[in-house]
Amino acid sequence: MILPIYTYGQPVLRKVAQDITPDYPELPKLIEDMFETMYRSEGVGLAAPQIGKDIRVIVVTLDVLKDEYPEYADFNHAYINPHILEYDDSEMQTMDEGCLSLPGIHEPVKRPTRILVRWMEPDFTEREEWVEGYLARVLQHEIDHLEGKVFTDRITPLRKQMIRSKMNALVKGKFRCGYKTK
Ligand code: NI
């Protein structure tokens, strides 16, 4: 089932999301719906707050990048209760980011290229791994959503000022995009 995507201005995007337990109702269905919603809106990542739920669940698909990064072929992964334990800030990279919750906005964001992440698989097996490259970028963006942050919080004050009217238009619902929003 395709779910509407909550856009900038919705209070749920500013909440700190909570860990879930194995008895969380209908988790497999929620994960399936999140994947379907992400594929339909052509995103590479989606966090539960973006579909209105303040819980720590994210989905990531990197298969679309396989021409440039063959290691990401068929990469479709759900992360339960993800947390970033460490940022390796010895190497930073600036890349353009966009977000399904901020349609029409793309801005350069500087982030570490390598992070230590702890999460659970959908069967609640615990994992801990150093992640780097494009996946590290996407996970930082998505885990930010779980901390109540959006990527425009991390751009320079000058860029913030330059997109202020666009951000205000988003809050007022004055935007167009090709997927269902709320
Ligand atoms: Ni986003």
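Up top you'll find the structure we're talking about.
Bear in mind the structure is a predicted one, so any value in this text is a computation, not a measurement. (Residues numbered from 1 in each chain as written. Predicted model: local features only at pLDDT ≥ 70, side-chain atom pairs only at ≥ 80, totals over all residues. Heavy atoms only, no water.)

**Q** Please explain the sheet that holds strand β2 (residues 57-61) as it appears in this structure.
**A** Pairing between the strands of a sheet is mediated by backbone hydrogen bonds and can be parallel or antiparallel. Overall, antiparallel pairing links the 5 strands, which are arranged β1-β2-β3-β4-β5 in an open sheet. Of all the strands in the sheet, just β1 (45-47) and β5 (126-132) have a single pairing partner and so form its edges. The sheet shows a mean angle of 35° between the axes of neighbouring strands, direction not considered. Pairing between β2 and strand β3 (residues 76-97): 5 bridges, direction antiparallel. Its bridge partner being in β3, T61 is matched across the sheet by N76. (Pairing = 2+ DSSP bridges. Helix = DSSP H or I, 4+ residues; strand = E, 2+ residues; numbered from the N terminus. Axes fitted to C-alpha atoms, helices over the stretch in contact; angles between N-to-C directions.)

**Q** Would you mind going over the pairing of β5 with me for this structure?
**A** Side-chain positions along a regular strand alternate between the two faces of the sheet. Relative to β5, strand β4 (residues 107-120) runs antiparallel, the two sharing 7 bridges. Note on β5: the bridge partner recorded for I115 is V131. Joining the antiparallel neighbours β4 and β5 is a turn of 5 residues, in which F124 adopts a positive phi near 70°.

**Q** Would you explain the pattern of salt bridges in this entry?
**A** Under the defined criterion, the tally for this structure stands at 15 salt bridges. A salt bridge links K15 to D54, with the nearest nitrogen and oxygen atoms 3.7 Å apart. Pair noted here: K15 is in the segment before α1 (27-40) and D54 is in the loop between β1 and β2, with a separation of 39 residues, a long-range link. Take D54: its relative accessible area is 29%, and that puts it in the partly exposed class. D33 is the salt-bridge partner of K29, the closest N and O atoms lying 3.1 Å from each other. Taken together, the residues span about one helical turn, with K29 and D33 both in helix α1 at a distance of 4 residues. The buried category is assigned to D33, whose relative accessible area is 5%. Through salt bridges with shared partners, a single ionic network connects E97, R111, R137, D144 and R154. (Salt bridge = Lys/Arg side-chain N within 4 Å of Asp/Glu carboxyl O. Buried < 20%, exposed > 50% of the residue type's maximum accessible area, 1.4 Å probe, protein only.)

**Q** Explanation requested: the packing of aromatic side chains in the structure shown.
**A** Both the distance between ring centres and the angle between the ring planes are used here to describe each pair of aromatic rings. Within the structure shown, the criterion is met by 5 aromatic pairs. An angle of 50° between the planes, with centres 5.6 Å apart, marks the rings of Y69 and Y72 as tilted. Take Y69: its relative accessible area is 26%, and that puts it in the partly exposed class. A relative accessible area of 8% places Y72 in the buried class. An angle of 75° between the planes, with centres 6.0 Å apart, marks the rings of Y72 and F75 as edge-to-face. Each member of the pair, Y72 together with F75, is buried. Each residue in the set Y69, Y72, F75 and Y134 is aromatic and connected to the rest through ring pairs, giving one cluster. (Phe/Tyr/Trp six-rings, centres within 6.5 Å; stacked < 30°, edge-to-face > 60°.)

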